[in-house]
Amino acid sequence: MLEKFFKANADSKLLNLALTHPSYTKEKGELDSLANYERLEFFGDSVLKLFVSKLLYETYPNYPEGRLSKIRSILVSDFTLAKIAFEIELDKIIILGHAEEKQGGRMRESNLACSLEAILGAYYLSNEQDAIENFLAQYVLPFASDIDEHFEKYNAKDVLQQYTQGIDKTLPVYNTVSVTGPAHAPIFEVELIWHGESIARCEGKSKKEAQQECAYEACKKFGLINK
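If you're wondering where the values come from, they're calculated on a predicted model, not measured in any experiment.

Trainee: Help me get a handle on helix H10 (residues 141-149), residues and values and all.
Mentor: Buried within H10 are the following residues: Phe143, Ala144 and Ile147. The buried residues of H10 all sit within an arc of 110 degrees when viewed along its axis, so they share a single face. Elements that come into contact with the buried residues of H10 comprise helix H4 (38-59), helix H5 (65-75), helix H6 (78-87), helix H9 (129-139) and helix H11 (151-154).

Okay, structure coming up:
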């Protein structure tokens, strides 16, 4: 399935590891406790940052290091990687343990992001560097221009936290109000509370997405971000 997105083949053993969540290894009582994506994710994280850095360096020849770093930090975040993972339907083929599956692990951003990083590691070790670069150019780079233009929107939680801590060293609180919809496509409703007051209430396909939307609305409300 992944071949159509990368337009190349990775070593089948490495690719199977890249798709295997640690919960599966643990539940199956595998003799090899490393038979999951963790080691490849560790390696793939560096592969991702290297190739994304190269793409940004070539795409924005006049940008200073600081601006490139800000864009990259969002591009390689779990939030962005999970969006890409859903786009290539990684959520349908990741291998989970029964308990993790039951707890909604197939929709968990961190699981998908880690597996995607591991997949990049698998392709790199399979000598498919061109496939990696082409994949990232197609699926990751399109986020860059919007991030560059609306960085505060993507970084709203940090902007809001700096604001509230600057006033009285307090932090906003994000409460999950409800989770609706089918298990394979839940909708999270989150309310942002500060000083006991409801500041924003938003929905998202994940808790993080809903929290980010709340933070963005709060930042607009407090005049921290241009509407």
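Trainee: Lay out H9 in plain terms, naming residues and giving numbers.
Mentor: Every α-helix winds through 3.6 residues per turn, so residues three or four apart in the chain are directed the same way. Within H9 the residues assigned to the buried category are Ala131, Ile132, Phe135, Leu136 and Tyr139. Taken end-on, H9 shows its buried residues confined to a sector of 125 degrees, consistent with a single buried face. Relative to its buried face, H9 has exposed residues pointing more than 90 degrees away, namely Asp130 and Asn134. On its buried side, H9 packs onto helix H1 (3-6), H4, H6, helix H8 (109-125) and H10.

Trainee: Which residues make up the sheet that holds strand S1 (residues 173-180), and what values go with them?
Mentor: The sheet built from 3 strands is open, its strands ordered S1-S2-S3 with antiparallel pairing. Only two strands of the sheet have a single neighbouring strand rather than two, namely S1 and strand S3 (197-204). Shown here is a sheet whose adjacent strand axes are inclined to one another by a mean of 20 degrees, direction ignored. In this structure, strand S2 (residues 187-194) lies alongside S3, joined through 7 bridges in antiparallel fashion. Across the sheet, Ile193 pairs through a bridge with Ser198, a residue of S3. In the packing of helix H12 (residues 156-168) onto the sheet, contacts are made with S1 and S2, and the angle to S2 comes to roughly 20 degrees. The sheet strands contacting helix H13 (residues 207-221) are S1, S2 and S3, and the helix crosses S3 at an angle near 135 degrees.

Criteria and cut-off values
Residues numbered from 1 in each chain as written. Predicted model: local features only at pLDDT ≥ 70, side-chain atom pairs only at ≥ 80, totals over all residues. Heavy atoms only, no water. Buried < 20%, exposed > 50% of the residue type's maximum accessible area, 1.4 Å probe, protein only. Helix = DSSP H or I, 4+ residues; strand = E, 2+ residues; numbered from the N terminus. Arc of directions from axis to C-beta. Contact = heavy atoms within 4.5 Å. Pairing = 2+ DSSP bridges. Axes fitted to C-alpha atoms, helices over the stretch in contact; angles between N-to-C directions.

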